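One letter stands for each residue in the lines below.
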Amino acid sequence: MYAPLSDRVGYVPGGTNIGIIRNDPTHVTLIDTGLNDTTARKVLRVVRDELHSEVVAILNTHGHADHFGANAFVRKRTGCEVWAPDIEATVIRHPILQPAFLYGGADPLDTLRSRFLLAEASPVDGIAEIGPQDFFGAAIEVVALPGHSPNHTGVLVDGVFFCADVVFPEAAIEKYRIPYLYGLTDHLASLDAALAIPAGFVVPGHGPHSESIDALVGLNHQAIDRTLAAIANTLQTPSASDRVCTEVFRALDVPALNAQGFFLLKPTINAYLAHLERTGVAVFEVVEQEPLWSLA
Ligand SMILES: [Zn+2]
């Protein structure tokens, strides 16, 4: 079902929200495509049956399987172009990089090759640059929001801010306790940048749209602060990073983790540790072959 937010802009709510921008009376751009063929079919039905249009382009916010997993299907059915930010485009072309990143840069465990982490590959026709631009006839602005992924972006059009995963909804924070992150230092700056975007509507990658991002940024900041506090508390005893993970997961009541859940959060904790090292709070050293994190 199409949820209109302005004359030219709306979205299809779902597990991953799919933004829709009207380029001209018979063509639209999709902001992300969702997880798989099922979501692709749903979105194509909305575009064709409700909007009487065809997809001219996909603009991906970042290279996570739940945001580009339906690219290949939509492109096959419509012949549309695919655009994405640099780095993210490489993951979209080579989806094995996502589970490989999560697995510390190595050949990933087979359990990390599920459809939630390993999408079907999609060609990318163009690299989306940051800033205001004409995108297939529509005036849009691509907003840099790095941190959730290396070159994570949002899109601002007609006062509607598609902010992707710079914030997670309250339900996800409550459930998972620690939202996935690639880099905390950049992500904190992106939360500030998101607050400064002049928008009448905010559509996150997951969860309902709202008229302001302020409350969501506050909730996400709280989750970050409690994770930072739990890590600092753990580092009172010098610990290897796996030990830091276990202690922090227990302190924050992270639900029982399977391999997929663990390997999503282990790099997230590494991102926090790198930020703590960068800001002079923590130090990393290898002592007698043991990698140890401790307070500075
Ligand atoms: Zn994501």
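In this text the structure is predicted, and so the values were computed from the model without any measurement. (Residues numbered from 1 in each chain as written. Predicted model: local features only at pLDDT ≥ 70, side-chain atom pairs only at ≥ 80, totals over all residues.)

### Some words on the overall build of the protein chain
Along the protein chain, the regular secondary structure elements total 10 helices and 14 strands. On C-alpha atoms alone, the protein chain measures out to a radius of gyration of 20 Å, which is about the 19 Å that the 2.2 N^0.38 rule sets for 296 residues. For the protein chain, the spread of C-alpha atoms along the principal axes amounts to about 65 × 40 × 30 Å. Across the 296 residues that make up the protein chain, the buried fraction comes to 45%. Within the protein chain, residue pairs in contact and separated by at least 24 positions form 64% of the contacts whose partners lie at least 6 positions apart. (Helix = DSSP H or I, 4+ residues; strand = E, 2+ residues; numbered from the N terminus. Rg over C-alpha atoms; globule rule 2.2 N^0.38 Å. Buried ≥ 20, exposed ≤ 12 C-beta atoms within 10 Å, placed from the backbone. Contact = placed C-beta atoms within 7 Å.)

### A few points about the nonpolar core
L30 and C163 are the most contacted members of the largest nonpolar core, which has 63 residues in total. If we skip the residues at most four places from it in the chain, C163 touches L145, G154, A194, V202, P204 and I213. I178, I231, V244 and L265 belong to the second-largest nonpolar core, a separate cluster that totals 18 residues. (Core = buried A, V, L, I, M, F, W, Y, C linked by C-beta atoms within 7 Å.)

### Some details on the pairing of strand β4 (residues 27-31)
The buried fraction of β4 amounts to 5 of the 5 residues, a majority that puts the element mostly inside the structure. Of the two faces of β4, the one holding H27, T29 and I31 and the one holding V28 and L30 are both buried throughout. One ladder, built from 5 bridges, connects strand β3 (residues 18-24) with β4; its direction is antiparallel. When the sheet's bridge partners are listed, I21 is paired in β4 with T29. Counted along the chain from β3 to the antiparallel partner β4, the turn is 2 residues long. Relative to strand β5 (residues 54-59), β4 runs parallel, the two being bridged by 5 bridges. Each bridged residue has a counterpart across the sheet, and for L30 the counterpart in β5 is I58. Chirality of the crossover, the property in question, places the unit of β4, helix α1 (residues 37-50) and β5 among those that are right-handed. (Pairing = 2+ DSSP bridges. Right-handed = clockwise from strand over helix to strand, strands pointing away.)

Purely geometric stuff here, so don't read any function into it on its own.
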